[in-house]
Amino acid sequence: MMNYQAAAAVRADGLTVVRGGRTVLRDLSFQIPRSTVTGLLGPSGCGKSTLMRAVVGTQARVSGTLEVLGHPAGTAPLRSRVGYVTQAPSVYSDLTARQNLDYFASVLGLTRDERREQVERALADVDLTSRADALAGNLSGGQRSRVSLAVALLGTPDLLVLDEPTVGLDPVLRRDLWSLFHRLVAERGTTLLVSSHAMDEADRCERLLLMRAGRLLADDTPEALRDRTGAGTVEDAFLHLVDTARREEQGNRAVPGEAAR
Ligand SMILES: Nc1ncnc2c1ncn2[C@@H]1O[C@H](COP(=O)(O)OP(=O)(O)OP(=O)(O)O)[C@@H](O)[C@H]1O
């Protein structure tokens, strides 16, 4: 049986990131097991996008250890093995959905046959086959986001890093996207790291990384988090952990002697 470390898709130890002179990620240590969906949850500004940028290798001033699929984050062997979708869809508006995919497939160096097969598969994955010949500029925001996701699926990456992929989607599309994520794990062995503000999405993940103010509050399964905190929902578990962290910070700030009073 593989040990946990060998099975890790991402391994961080003492990961720290400085942006604009501020430490925005502080001493994070965690592992993301392969072939799972891990949710990265926390309030706006807590550092989710920064952590994702570090994992895909686009973030400067990263210190500590950060290994992705057994290689240092951002190094050459990972280039075609990691897919990344940012919050803003990155597609060409003057190309159709299919032309966008075909273009990115050729950048990946796929042969003509591979390209044809993978483009059609990616369109079907995100349920856009019927809109494949529409200009990306004429698609809705949610549809453009799905073209971006389809681009990231080309080449069958081992790790998919998705920054808030369900924001602005209606409940049916959100559900469909989550079932796609689980299908990618089950059928292609993909590992997914998915960020969200929405705590109600937590239960769709096998593991959770809960963040607050650049620090990791928890790295656990949703069930274990609820059990550990005695909370009924992951949202309540998160609030419980935030309150505990705040109390600890206040305790640390208290003048020695005052605390004893
Ligand atoms: N270019 C930058 N220079 C300096 N600080 C930055 C820069 N970009 C982001 N930050 C700061 O880094 C911190 C983390 O930002 P980040 O975008 O990672 O948070 P987030 O959790 O993804 O937020 P959101 O959910 O709103 O997208 C924030 O305090 C933000 O103000």
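The structure we're discussing is the one just above.
Computed from a prediction, not measured in an experiment: that's the story for all the values here.

**A look at the site of the ligand**
Neighbouring residues of the ligand: 15 residues in total, closest Ser44, Gly45, Lys48, Ser49 and Thr50. Here an oxygen atom of the ligand sits 3.0 Å away from a polar atom, N or O, in the main chain of Gly47. At a separation of 3.1 Å, an oxygen atom of the ligand approaches a polar side-chain atom of Gln87. In the complex, 66% of the free accessible area of the ligand, which totals 630 Å², lies under the protein chains. Counting residues per element, the shell around the ligand draws most heavily on helix H1 (residues 48–56), at 3 residues. Of the residues assigned to the shell around the ligand, the class counts are 3 nonpolar, 8 polar and 4 charged.

**Focus on the environment of Glu235**
By the element assignment, Glu235 lies in helix H7 (residues 234–253). Separated by 36 residues in sequence, Glu235 and Met199 have C-alpha atoms that sit 5.5 Å apart.

**Some remarks on the sheet that holds strand S5 (residues 71–72)**
The 4 strands lie next to each other as S2-S1-S4-S5, forming an open sheet whose pairing is antiparallel. Looking at which strands have only one partner, the edges of the open sheet turn out to be strand S2 (22–33) and S5. Relative to S2, strand S1 (residues 8–19) runs antiparallel, the two being bridged by 8 bridges. From the neighbouring strand, Val10 faces S2, where its bridge partner is Ile32.

The rules behind the values
Residues numbered from 1 in each chain as written. Predicted model: local features only at pLDDT ≥ 70, side-chain atom pairs only at ≥ 80, totals over all residues. Heavy atoms only, no water. Near = heavy atom within 4 Å. Polar contact = N/O pair within 3.5 Å; in protein donor to acceptor, adjacent residues only side chain to side chain. Areas by Shrake-Rupley, 256 points an atom, 1.4 Å probe, with all protein chains shown as cover. Helix = DSSP H or I, 4+ residues; strand = E, 2+ residues; numbered from the N terminus. Nonpolar A, V, L, I, M, F, W, Y, C, P; charged D, E, K, R; others polar. Pairing = 2+ DSSP bridges.

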